[in-house]
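Commentary on secondary and tertiary structure
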Amino acid sequence: MIHTKDHKNMPLLDPWEFLGPKRRKLMERSWAGLFRKHILNQLPVSKLKPFFSAGFGRPTKELYSIAGAIVLQQMHDLSDEQTVCQVAFNQQWHYALDITSTSDQATYLCEKTLWNFRTIMTRNNLDAEIFNRTTEKLAQVFSVATEKQRLDSVHIKSNMRHLSRIGIFARSIHRFLINLQRHYHDRLAQVASETADRYLSPKALGCFSMVKPSESATTLEQVSRDLFSLVQLFSADRQVRAMHSYKLLERVLREQCTVVESNDDAPAPVTVKAPRQIGQDSLQNPSDPDAGYSSHKGKGYHVQIMETYTEETDPEKKSQQLNLITHVAVEPASAHDANALLPAIASTQARGLEPEQVLCDAAYGGEDNCQAAREQGVKIVSPVMGTAEKTHGLVSFTFGDQGQVLHCAQGQTPLKVKKHKGRHSAAFSAEHCSRCPFVSQCNVKKGKKHYHLHYDDKARRCAQRRAHEQTDAFKDRYRWRAGVEATMSEYDRRTGVKQLRVRGLQAVRFCAVLKAVAVNIFRATAVTVARARHHEPGQAVNPAQIGLMYVFKEQCLLFWGMISCFFMSGPKICVFQTLRFWFNKNQKLDAVAL
């Protein structure tokens, strides 16, 4: 049965009254108060209901609290066991999840239930739904300006071991033989006993990890022949071919080896490819087939992050503005950053968070991407990949509105210009170009009668962008891109995203996206505290006001002492006690004034 709670309606009696005003204020200003107020109701509980029966079976855990607990687990980078303890005993978690009852039904959560709900949310991409809803809500509550944004990627690792090429072969064969023995034990007899003993023994994988460098080439050839023989042995068996581990053998053979077909009955020879011939999207570990390889950052995944930013320099005003992560995407490390820009813009536009200007590095700012973004009304501020080949190349020429050359760096105008299908040519006087001191550094080529310059629109735009990079206006605008590096550091430092507990693209994406939600929550909490301190009247009290309040307090105490003395000791004693009390108080006030 489905069990949900309406968290929008407040109870008649406040269940958190026992906290007291000070602890309640502290709780409301923490991440727990923001989560309970703005995030809890945005969780996609309606997407979880179809997986349970409305009128049959045992009641589920309260869906909002279990979905919120999964978000908080990634937020604080906790294991399942730690999450169960936090739900059971942590009062801050109870406040965030709006758990008002102390019964086991409300506060106890077993690890199996947590795993089941997380699996449902992962397989149905509810992490993206949570990110979209919470981002739109925070952007609305904090009035986030999305016109200016910046984009970058960070490398993360799943819970897999980094293997050498020998390790990839050995573990793929070991996994296949284990599964074959488990599901089709009778087929294992077809495997040569020598091969089975080599990869099924308890210390098999350990032997392959201790190969000497001088023997690595021979061992690599041996494991490649073993893998090829297994693929050939079961190539006609439909049941074995349907196994996931067998498909991994075929993938390793395809990516790591070259098979030469032979016409005679002799077995086809198999050779190992050179390292440079292996693609970056090749298998890195049989435990995580989705992971890729980047020659710059290594094995694992990339997370694309786009966030808003402010150019405010006043620290007080800057602390009251929310830098919101508006887009997050996870991809294998083999994917290039250039393919992530346009999907990020499209994602933000679909949710009403579209930018007008995006700062990014040269990997994103290819001319094709800039042109496509310009057609969507987005300006890309990025340096051009690479450097100009010549100091007096296209950068030194002046172009017109139609892309034609107006004059060169020496002020010489072309004798004639032509344009055909996006390509341009300009002819300059041979007399002037032959005497130019910079002709050896120029892009013009000597012809029979003239010196010719050939270029296309893309090269011209790149040249103009390189010229613009040297201006102070570009440098002043592009310097704000460096702030995204601090976001990547915060992303890892607060949530532990670079070392995950899961494997596979689907599970890695789920964790990375929810951890991006966590960063938004932490930032929104800091902005809430900064705004409260700014608008709270008691935070900026003048010291002179404090002194005046102290004097008023002492005078009230003096008056109360006189009245008490009059009624308890009589008029004569009252006059003596009053003068003595007045003298002592004046001495204290003088000390305070000094």
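See above for the structure.
Residues numbered from 1 in each chain as written. Predicted model: local features only at pLDDT ≥ 70, side-chain atom pairs only at ≥ 80, totals over all residues. Heavy atoms only, no water.

1. Concerning the overall build of the protein
In terms of helices and strands, the protein carries 24 helices and 14 strands. If you take every contact in the protein between residues at least 6 apart in sequence, the share linking residues at least 24 apart comes to 71%. Per element, the accessible surface of the protein, about 32900 Å² overall, is 53% carbon and sulfur. (Helix = DSSP H or I, 4+ residues; strand = E, 2+ residues; numbered from the N terminus. Contact = heavy atoms within 4.5 Å. Areas by Shrake-Rupley, 256 points an atom, 1.4 Å probe, with all protein chains shown as cover.)

2. Considering the packing of aromatic side chains
The full count for this structure, using the stated rule, is eight aromatic pairs. With a centroid separation of 5.9 Å and 55 degrees between ring planes, the pair formed by Phe 176 and Tyr 246 is classed as tilted. Of this pair, Phe 176 sits in helix H9 (residues 165–183) while Tyr 246 sits in helix H14 (residues 244–256), placing them 70 residues apart in sequence. The exposure classification of Phe 176 matches that of Tyr 246, with both residues buried. Geometrically, the ring pair formed by Phe 397 and Phe 428 is tilted, given 6.0 Å between the ring centres and 50 degrees between the ring planes. With a gap of 31 residues between them, Phe 397 in the loop between strand S8 (379–381) and strand S9 (398–399) and Phe 428 in strand S12 (residues 423–429) connect regions that are remote in the sequence. Here Phe 397 falls in the buried class, since its relative accessible area comes to 6%. One aromatic cluster in this structure is built from Trp 16, Phe 18 and Tyr 95. Residue placement shows Arg 36 over the ring face of Tyr 95; its charged tip is 4.7 Å from the ring centre. The residue whose ring lies beneath Arg 494 is Phe 522, and the NZ or CZ to ring-centre distance is 4.6 Å. (Phe/Tyr/Trp six-rings, centres within 6.5 Å; stacked < 30°, edge-to-face > 60°. Buried < 20%, exposed > 50% of the residue type's maximum accessible area, 1.4 Å probe, protein only. Lys NZ or Arg CZ within 6 Å of the ring centre and 35° of its normal.)

3. So, unusual backbone geometry
Comment: phi is negative for the bulk of residues other than glycine, and the bulk of peptide bonds are trans. One non-glycine residue, Asp 77, lies in the positive phi region at around 55 degrees. Its place among the elements puts Asp 77 in the loop between helix H3 (63–75) and helix H4 (80–89). What makes Asp 77 partly exposed here is its relative accessible area of 26%.

4. Comments concerning the pattern of salt bridges
When their charged atoms lie close together, side chains carrying opposite charge are able to pair. Scanning the model with the defined rule gives 29 salt bridges in all. With a shortest N-O distance of 3.2 Å, Asp 127 and Arg 509 are connected by a salt bridge. Of this pair, Asp 127 sits in helix H8 (residues 126–141) while Arg 509 sits in helix H22 (residues 505–535); the two residues are 382 residues apart in sequence, bridging distant segments of the chain. Overall, the relative accessible area of 1% leaves Asp 127 in the buried class. Between Arg 465 and Glu 367 there is a salt bridge, with its nearest N and O atoms 3.2 Å apart. Of this pair, Arg 465 sits in helix H19 (residues 457–469) while Glu 367 sits in helix H17 (residues 367–375), and the two are 98 residues apart along the sequence. With a relative accessible area of 4%, Glu 367 lands in the buried category. Look at the salt bridges and you will find they share partners, linking Arg 150, Glu 307, Glu 490, Arg 494 and Arg 523 into a network. (Salt bridge = Lys/Arg side-chain N within 4 Å of Asp/Glu carboxyl O.)

5. Structural notes on the packing of H9 against helix H10 (residues 193–200)
At a minimum axis separation of 9 Å, H9 and H10 run at an interaxial angle of 105 degrees. If you check the angle between H9 and H10, you find them roughly perpendicular. Seen from H9, the contacting residues are Ala 170, Ile 173, His 174, Leu 177, Ile 178 and Gln 181; seen from H10, they are Thr 195, Ala 196, Tyr 199 and Leu 200. (Axes fitted to C-alpha atoms, helices over the stretch in contact; angles between N-to-C directions. Parallel < 35°, antiparallel > 145°, perpendicular 65-115°, else oblique.)

6. Looking at H3
If you check H3, its first and last C-alpha atoms are 18 Å apart, about what 13 residues at 1.5 Å a residue would give, namely 18 Å. Among the 13 residues that make up H3, 13 are buried, leaving the element largely enclosed by the rest of the structure. After H3 finishes, the residue Asp 77 shows a positive phi value of roughly 55 degrees. (Expected span 1.5 Å × (residues − 1).)

7. Brief notes about the pairing of strand S5 (residues 298–308)
Of all eleven residues that make up S5, eleven are buried, and the element is covered over most of its length. Where strand S1 (residues 148–156) and S5 come together, eight bridges link them in antiparallel fashion. If you follow Gln 149 over to S5, its bridge partner there is Thr 308. The sheet contact formed by strand S4 (residues 292–294) and S5 spans three bridges and is antiparallel. Within S5, the residue paired with Gly 292 across the bridge is Gly 300. (Pairing = 2+ DSSP bridges.)

8. Some words on the sheet that holds strand S13 (residues 445–446)
For sheets, the rule is that strands pair by backbone hydrogen bonds, running either parallel or antiparallel. Read from one edge to the other, the open sheet built from four strands follows the order S11-S12-S14-S13, with strand pairing classed as antiparallel. Of all strands in the sheet, those with a lone pairing partner are strand S11 (416–420) and S13, marking the two edges. Strand direction decides the pairing type here: S12 and strand S14 (residues 450–456), joined by seven bridges, are antiparallel. Each bridged residue has a counterpart across the sheet, and for Ser 429 the counterpart in S14 is His 450. Against the sheet, H19 contacts S12 and S14, and its axis sits at roughly 90 degrees relative to S14.

On their own, these measurements won't tell you what the molecule is for.
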